[in-house]
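The residues making up each chain are set out below.
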Amino acid sequence: MNSQRRFAVMGENLFKIANKLVTDPELCCLLKYQDPDPITEKRKENINGVDLLHKQIIIVPKFPEDGIECSFVMAVFDNFTINPSNPDFKLTRIRFDVVCPYTEWIINGNSLRPYLIMQRIDNLFNQVKLSGIGNLQFTHSTPLVLSPQIGGYSMYY
């Protein structure tokens, strides 16, 4: 029986999260195309989210080394604790770091790139039951400033 007591199950759950991210064409367009018009029907039809895995959709808690020149989302579990009422389950938060170069924040339309990425993530995960994880609930978001050139937000579920 796989219970949340085993950390290996947490890794499997992270892959489920990554799969949801790479299969969302609008999210993938927002990450891949660093221009003022990232979302078009033609681009959404031709996007392959798997190509973005480990480059702009990251599940290892490490920022890219090559200088950050594009938008990315990092999904990680943090703050593991044991559930005192049911030790078969770990309590944890899922953190999504949404990071964009400041020069790429403004896009055509009436919003900013990080907020559109955050909305896609929220649509995928808030109030959603994921097998092996349970019901996700957005709790809060905080600004994330990495340098004078790049920043975004950390979202917690």
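Coordinates for the structure precede this section.
The present account deals with the structure reproduced in this document. Computed from a predicted model, the values in this text were never measured in an experiment.

What about the overall build of the chain?
Part 1: Scanning the chain for helices and strands turns up 4 helices and 7 strands.
Part 2: Scanning the chain from its N terminus toward the C terminus, one meets helices and strands in the order α-α-α-β-β-β-α-β-β-β-β.
Part 3: Taken against the 2.2 N^0.38 rule, which gives 15 Å for 157 residues, the C-alpha radius of gyration of the chain at 16 Å falls within 12% of a compact globule.
Part 4: Seen along its three principal axes, the alpha-carbon backbone of the chain occupies a region of about 50 × 35 × 30 Å.
Part 5: Taking all 157 residues of the chain together, 43% fall into the buried category.
Part 6: A sequence separation of at least 24 residues applies to 55% of the contacts in the chain between residues at least 6 apart.
Part 7: Element-wise, carbon and sulfur atoms account for 54% of the exposed surface of the chain, whose accessible area totals about 8600 Å².
Part 8: The positive charge centre, built from 16 side chains, and the negative charge centre, built from 16, are 7 Å apart in the chain.

Overview of the side chain of Arg120
Part 1: Looking at where Arg120 falls in the secondary structure, it is placed in helix 4 (residues 113-125).
Part 2: Among residues more than four places away in sequence, those in contact with Arg120 are Asp24, Glu26, Leu27 and Leu30.

Re the state of the cysteines
Part 1: For the coordinates displayed, the defined rule picks out 0 disulfides.
Part 2: The cysteine Cys29 is free of any disulfide, with Cys28 supplying the nearest cysteine sulfur at 7.3 Å.
Part 3: Note on Cys29: relative accessible area 0%, which makes it buried.
Part 4: Between Cys100, a cysteine without a disulfide, and Cys70, which holds the nearest cysteine sulfur, the sulfur-to-sulfur distance is 9.4 Å.

Considering the packing of helix 2 (residues 25-32) against helix 4
Part 1: Taken N-terminus to C-terminus, the directions of helix 2 and helix 4 make an angle of 155 degrees; their axes are 9 Å apart at the nearest point. The pairing of helix 2 with helix 4 is recorded here as roughly antiparallel in orientation. Between helix 2 and helix 4 the crossing geometry is left-handed. Of the residues in helix 4, those in contact with Glu26, Leu27, Leu30 and Leu31 of helix 2 are Arg113, Leu116, Ile117 and Arg120.
Part 2: Classifying every residue of the contact of helix 2 with helix 4 gives 5 nonpolar, no polar and 3 charged.

Basis of the calculations
- Residues numbered from 1 in each chain as written.
- Predicted model: local features only at pLDDT ≥ 70, side-chain atom pairs only at ≥ 80, totals over all residues.
- Heavy atoms only, no water.
- Helix = DSSP H or I, 4+ residues; strand = E, 2+ residues; numbered from the N terminus.
- Rg over C-alpha atoms; globule rule 2.2 N^0.38 Å.
- Buried < 20%, exposed > 50% of the residue type's maximum accessible area, 1.4 Å probe, protein only.
- Contact = heavy atoms within 4.5 Å.
- Areas by Shrake-Rupley, 256 points an atom, 1.4 Å probe, with all protein chains shown as cover.
- Lys, Arg positive; Asp, Glu negative; His and termini not counted.
- Charge placed at Lys NZ, Arg CZ, Asp CG, Glu CD.
- Disulfide = S-S within 2.5 Å.
- Axes fitted to C-alpha atoms, helices over the stretch in contact; angles between N-to-C directions.
- Parallel < 35°, antiparallel > 145°, perpendicular 65-115°, else oblique.
- Left-handed = near helix turned anticlockwise from the far one by under 90°.
- Nonpolar A, V, L, I, M, F, W, Y, C, P; charged D, E, K, R; others polar.

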